[in-house]
Amino acid sequence: MKEIKVADNEAGQRLDKLLGKYLNLAGKGFIYKMLRKKNITLNGKKCDGTERLEAGDEIRLFLSDETIRKFSQVFVQEVKKTRLDIVYEDRHILLINKPAGMLSQKAKAEDESLVEYMTDYLLDTGALTREDLRTFRPGVCNRLDRNTSGLVVAGKSLAGLQVMADAFKSRSLGKYYYCAVKGRVEGKRTIHGFLTKDESSNQVTVLEEAVFGSSPISTGYEPAAWKNGYTLLRVQLITGRTHQIRAHLASAGHPVVGDMKYGDPKVNDEARKAFDIRRQMLHSCLIEFPELPEPLAYLSGKRFETPMPREFVRMFGRDYAQKK
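Definitions and limits used
Residues numbered from 1 in each chain as written. Predicted model: local features only at pLDDT ≥ 70, side-chain atom pairs only at ≥ 80, totals over all residues. Heavy atoms only, no water. Helix = DSSP H or I, 4+ residues; strand = E, 2+ residues; numbered from the N terminus. Buried < 20%, exposed > 50% of the residue type's maximum accessible area, 1.4 Å probe, protein only. Contact = heavy atoms within 4.5 Å. Lys, Arg positive; Asp, Glu negative; His and termini not counted. Charge placed at Lys NZ, Arg CZ, Asp CG, Glu CD. Disulfide = S-S within 2.5 Å. Expected span 1.5 Å × (residues − 1). Pairing = 2+ DSSP bridges. Phe/Tyr/Trp six-rings, centres within 6.5 Å; stacked < 30°, edge-to-face > 60°. Lys NZ or Arg CZ within 6 Å of the ring centre and 35° of its normal. Polar contact = N/O pair within 3.5 Å; in protein donor to acceptor, adjacent residues only side chain to side chain.

1. Quick notes on the overall build of the protein
- If you tally the helices and strands in the protein, you get eight helices and 14 strands.
- Each principal axis of the C-alpha distribution contributes one length, and for the protein these read about 75 × 45 × 35 Å.
- By the burial criterion, 49% of the 324 residues in the protein qualify as buried.
- Contacts in the protein between residues at least 24 apart in sequence constitute 66% of all its contacts with a sequence separation of at least 6.
- Of the charged side chains in the protein, 54 are positive and 42 negative; the average position of the first set lies 2 Å away from that of the second.

Have a look at this one:
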């Protein structure tokens, strides 16, 4: 017999969902059969799996140790030890300054991404145990393209994941980026359009009018500095679609320097030779939290920023207010 006491990270979900994580190699049919036969109980009573769990609930598995070992396996991917640039951390969330070149989430099974590095870090620091990973996995709440750097919000707890995911989904967060574009851009603007995505090529197109399957997008930007024939733009991501900033600015005549997919090859080559630019010059620099519900209410109204990456310093110097 195995007894599971529901912790904060398991609370709020249905019993059958938790059992599916704990007995992750068993089929749903086996789990529901055990529930019907009272081989799995909740707080000493028969249950059907639809019950919503609360912290402190007791789940008992009247199964042999051999059966539990057969159907329950904790897999933790071994990854290269990677130092994370952690901007902020508490018991619910992490804010990480992701470098360009790192995946936010794995695309293929063998990939190593920020999620795997973060899990490794939390295991090393004792914030999570391998046993915790039976029923809860930390994750990122927003994703940056591989070659975009900057702030990624990650959930260390179930509450952290849920509250922050809702905030991103509702677009109530303030999300700001810096990017470099060729030429002089003046004035503050908000541009609108409609975005379509080709799943086969993972490429998007921005249109002026809606078509079937398109999504409305809005992007705000204003110049922050001008130097060496390039403008440093401060961008507000009002909506949040795949490749939105890169494709939207390109459609407006301001492709991001270093962008191999939506950028200008001639400009990219020029910037590589002049400033050794080998990545797209897009950086998530600031996040402003809205009013958040408990248990993350203490983060309401807080702002978190990251320093400018070295490629931006090479191009614009340290005085970003310089105008010419």
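Still more ground to cover, so stick around.
2. Considering the state of the cysteines
- For the coordinates displayed, the defined rule picks out zero disulfides.
- Its sulfur unpaired, C141 is 19 Å from the next cysteine sulfur, which belongs to C285.

3. Examining helix α5 (residues 158-169)
- With 12 residues, α5 should reach 16 Å at 1.5 Å per residue; the first-to-last C-alpha distance of 16 Å fits that figure.
- At its buried positions, α5 is contacted by β5 (93-98), β6 (139-140), β7 (149-155), β8 (174-182) and β13 (282-288).

4. Structural notes on the pairing of β8
- Counting buried residues in β8 gives eight out of nine residues, a clear majority hidden from the surface.
- In terms of strand pairing, β8 meets β13 through six bridges, oriented antiparallel. Paired with Y178 across the strands is H283, a residue of β13.
- Here β8 pairs with strand β12 (residues 230-237) via seven bridges, running antiparallel. Each bridged residue has a counterpart across the sheet, and for Y178 the counterpart in β12 is R234.

5. Some thoughts on the packing of aromatic side chains
- Scanning the model with the defined rule gives four aromatic pairs in all.
- Ring geometry for F30 against F71: centres 4.7 Å apart, planes inclined by 45°, an arrangement best described as tilted. Of the two residues, F30 is situated in helix α2 (residues 28-36) and F71 in helix α3 (residues 65-71); the sequence distance between them amounts to 41 residues.
- Residue classification places F71 among the buried residues on the basis of a relative accessible area of 15%.
- An aromatic cluster of three or more residues is present, and its members are Y88, F289 and F304.
- Across the ring face of Y22, the terminal group of R134 is positioned such that the distance to the ring centre comes to 5.2 Å.
- A cation over a ring is seen here: K182 above Y230, with NZ or CZ 4.6 Å from the ring centre.

6. Quick word on unusual backbone geometry
- Looking along the chain, the bond that leaves E294 and enters P295 is cis, with omega of 5°.
- For P295, the position within the fold is in the loop between β13 and β14 (303-305).
- Positive phi, normally seen in glycine, also occurs at N43, with a value near 50°.
- With respect to the helices, strands and loops of the structure, N43 is situated in the loop between β2 (40-42) and β3 (58-61).
- You will see that D276, though not glycine, has its phi angle at about 55°, which is positive.
- Mapped onto the fold, D276 is located in the loop between α7 (265-275) and β13.

7. Describing helix α6 (residues 244-251)
- Counting buried positions over the eight residues of α6 gives six, a clear majority of the element.
- Those residues of α6 that sit buried are Q244, I245, R246, A247, H248 and L249.
- Residues of α6 that are buried sit in contact with β8, β9 (189-198), β10 (203-207), β11 (215-227), β12 and β13.
- Just downstream of α6, G253 is the residue with a positive phi angle, here 90°.

8. Some details on the environment of T82
- With respect to the helices and strands, T82 occurs in the loop between α3 and β4 (86-89).
- Separated by 36 residues in the primary sequence, T82 and M118 have C-alpha atoms spaced 9.0 Å apart.
- Beyond its immediate chain neighbours, meaning those up to four positions away, T82 contacts M102 and Y117.
- Of note is the side chain of T82, whose polar atom sits 2.9 Å from the backbone oxygen of K80.

What is shown is where atoms sit, not what they do.
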